[in-house]
Amino acid sequence: MHENHTPPAPPLFTWEFASDPYPAYAWLREHSPVHRTELPSGVEAWLVTRYADARQALADQRLSKNPVHHSESAHGKGKVGIPGERSANLMTHLLNIDPPDHTRLRRLVSKAFTPRRVAEFAPRVQELTDQLIDTILDKQGIEKGKADLIHEFAFPLPIYAICDMLGVPREDQDDFRDWAGMMIRHGGGPRGGVARSVKRMRTYLAELIHRKREDLGEDLISGLIRASDHGEHLTENEAAAMAFILLFAGFETTVNLIGNGTYALLRNPDQRERLQNALAEGDESLLATGIEELLRYDGPVELATWRFATQDLTLGGQRIAEGDPVLVVLAAADRDPERFADPDTLDLSRRDNQHLGYGHGIHYCLGAPLARLEGQAAIATLLRRLPDLSLAAEPEDLRWRGGLIMRGLRTLPVEFTPKS
Ligand code: HEM
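Report follows, based on the coordinates.

Conventions adopted
Residues numbered from 1 in each chain as written. Predicted model: local features only at pLDDT ≥ 70, side-chain atom pairs only at ≥ 80, totals over all residues. Helix = DSSP H or I, 4+ residues; strand = E, 2+ residues; numbered from the N terminus. Rg over C-alpha atoms; globule rule 2.2 N^0.38 Å. Buried ≥ 20, exposed ≤ 12 C-beta atoms within 10 Å, placed from the backbone. Contact = placed C-beta atoms within 7 Å. Pairing = 2+ DSSP bridges. Near = placed C-beta within 6 Å. Nonpolar A, V, L, I, M, F, W, Y, C, P; charged D, E, K, R; others polar. Axes fitted to C-alpha atoms, helices over the stretch in contact; angles between N-to-C directions. Parallel < 35°, antiparallel > 145°, perpendicular 65-115°, else oblique. Left-handed = near helix turned anticlockwise from the far one by under 90°. Core = buried A, V, L, I, M, F, W, Y, C linked by C-beta atoms within 7 Å.

Before going further, it helps to examine the overall build of the chain. In terms of helices and strands, the chain carries 16 helices and twelve strands. Over its C-alpha trace the chain gives a radius of gyration of 21 Å, about what one expects of a compact globule, namely 22 Å for 420 residues. In terms of principal-axis extent, the alpha carbons of the chain reach across some 65 × 60 × 40 Å. Residues classed as buried in the chain amount to 43% of the 420 residues present. The contacts of the chain with a sequence gap of at least 6 include a subset with a gap of at least 24, amounting to 73%.

Below you can see the structure in the form of structure tokens.
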């Protein structure tokens, strides 16, 4: 290709980009598939946008998850990772470590966080979902027939669900909701409030783990304390970091699955009608493939979490130096026409849909079964109980959160026919 014919690189990380990053990602995939850029934080990083490169990078053991490998780690302290995790002593969690530590911790947590435990939790998720819809339907006065689905539905469901699963007593769960709200509202903004919320959560979890140790129950925290592998256990510090990462990784992601997913359905009425008809006939198969397609089409995790080159290497024909951060753009890979037919079309029955929305390789999402359960319950219940749900804002007036890793709406105003 002749250089003069290449259009200029589109601006990244602006407000316009946040509302629709897909055209910019199409440009990157085509013209600069492994692209060096300065992030809003000032950190320089490589963006990987093609599906084949992304999948390779996610499984490449030369790319470490440990921020000590960042070339700027000495003076760039605190610029990568989750705000507040350093000061709260929460660094040793799955998303920050490599084998063999990762293998050990993942094996231990997998003994407690089992698909069976998740499946047993299904009735509780359905109950929580119905309670939230009841509250929305029971509204009176000028709020009647209206809701903001992010604040009233997508946001509370995952936080109560994971708190319940961990064994956080109900009377303390509203504190978690407030701390999580602080993290989600200010994720891309001031770090002070977020760091304070992380510290409070950390203190609370440490105390809870301490108490549970004396009185083990059936909850996930008790499971984490009990889990052992060849005589090895999690230390209290590791258990606290694990509980924290389960909350952190499982919260905003699920909010965005419900938010982005519902929004995509409202914007694609033919697909929404298909799903609504299938559900009305008691056919749940389209719900399962549909949730996977919503993850591919506009997934919650726009960029996978940080990776750092532990040696000079070549990726997608591009040389990457030791110490450089590499960000795999899941949202771009999942729209790659080399991998997916009509990638910009939402097709709830899409076959051959090996999307990267949950990552790939050893860090593949541990919570995927829970996310699927919550996503399916939330979307199905919403469509069943608010059948004439419609968007109450112009798409161009909706605001997307500006954080780096996640992609999600700030608000999702909707209307529906209220109970008479
Ligand atoms: C890892 C996505 C929900 C817990 C990941 C990764 C992705 C992801 C992309 C890999 C990150 C990377 O390689 O850099 C999602 C999505 C979710 C979701 C899209 C919702 C729709 C959950 C839930 C939980 C959870 C509900 C737990 C309650 C985790 C954990 C990891 C992880 C612990 C780290 C695994 C490891 O490093 O071994 N998730 N996640 N996630 N997720 Fe999820």
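As a further point, take the sheet that holds strand E4 (residues 146–148). Here three strands make up an open sheet; going across it, the order is E4-E12-E11 and the pairing antiparallel. The strands lining the two open edges of the sheet, one partner per strand, are E4 and strand E11 (390–391). Pairing of E11 with strand E12 (residues 413–415), which is carried by two bridges, proceeds in the antiparallel orientation. Note that in E12 the partner of Ser390 across the bridge is Glu415.

Inspection of the region around the ligand gives 28 residues, with Gly250, Gly359, Cys365, Gly367 and Ala371 positioned closest. If you tally residues by element for the shell around the ligand, the top one is helix H12 (residues 236–267), at seven residues. Taken together, the residues of the shell around the ligand break down into 17 nonpolar, ten polar and one charged.

With that settled, consider the environment of Asn237. In this structure, Asn237 sits in helix H12. Among the residues examined, Asn237 registers 14 C-beta atoms within 10 Å and is labelled partly exposed. When the C-alpha atoms of Asn237 and Ala206 are compared, they prove to be 7.7 Å apart, with 31 residues separating the residues in sequence.

With that out of the way, let us pick up the sheet that holds strand E10 (residues 325–328). What the five strands build is an open sheet, ordered E1-E2-E10-E7-E3; its pairing is mixed. Two strands in the sheet have a free side with no partner beyond their single neighbour: strand E1 (34–38) and strand E3 (63–64). Taken together, the two bridges between E3 and strand E7 (residues 307–309) define a ladder with antiparallel strand orientation. Residue pairing in the sheet places Ser64 in a bridge with Phe308 of E7.

Attention shifts here to the pairing of E10. Residues Pro325 and Leu327 line one face of E10 and the alternating positions Val326 and Val328 line the opposite face, and both faces are buried. Examined bridge by bridge, strand E2 (residues 44–48) and E10 share three bridges and lie parallel to one another. Each residue of the ladder has a partner; that of Val48, found in E10, is Val328. Pairing analysis gives two bridges linking E7 to E10, with the strands arranged antiparallel. Residue pairing in the sheet places Arg307 in a bridge with Val326 of E10.

Our focus in this paragraph is the packing of helix H6 (residues 122–137) against helix H16 (residues 368–385). Where H6 meets H16, the closest approach of the two axes is 10 Å, and the angle between their N-to-C directions is 40°. As far as their axial angle goes, H16 and H6 are oblique. With respect to the hand of their crossing, H6 and H16 are arranged in right-handed fashion. Note on element contacts: H16 touches H6 through Leu373, Glu374, Ala377, Ala378, Thr381 and Arg385, opposite Ala122, Val125, Gln126, Thr129, Asp130 and Ile133. Partitioning the contact of H6 with H16 into residue classes produces six nonpolar, three polar and three charged.

A few words on the nonpolar core. Ranked by internal contacts, the top residues of the largest apolar core, which has 84 residues, are Leu157, Ile162, Leu166, Leu224, Met242, Ala243 and Phe244. With 17 residues, H12 is the single largest residue contributor to this core. If we ignore the near neighbours within four places in the chain, the residues touching Phe244 are Leu90, His93, Met201, Arg202 and Leu205. Ala54, Leu303, Ile320 and Leu330 belong to the second-largest nonpolar core, a separate cluster that totals 31 residues.

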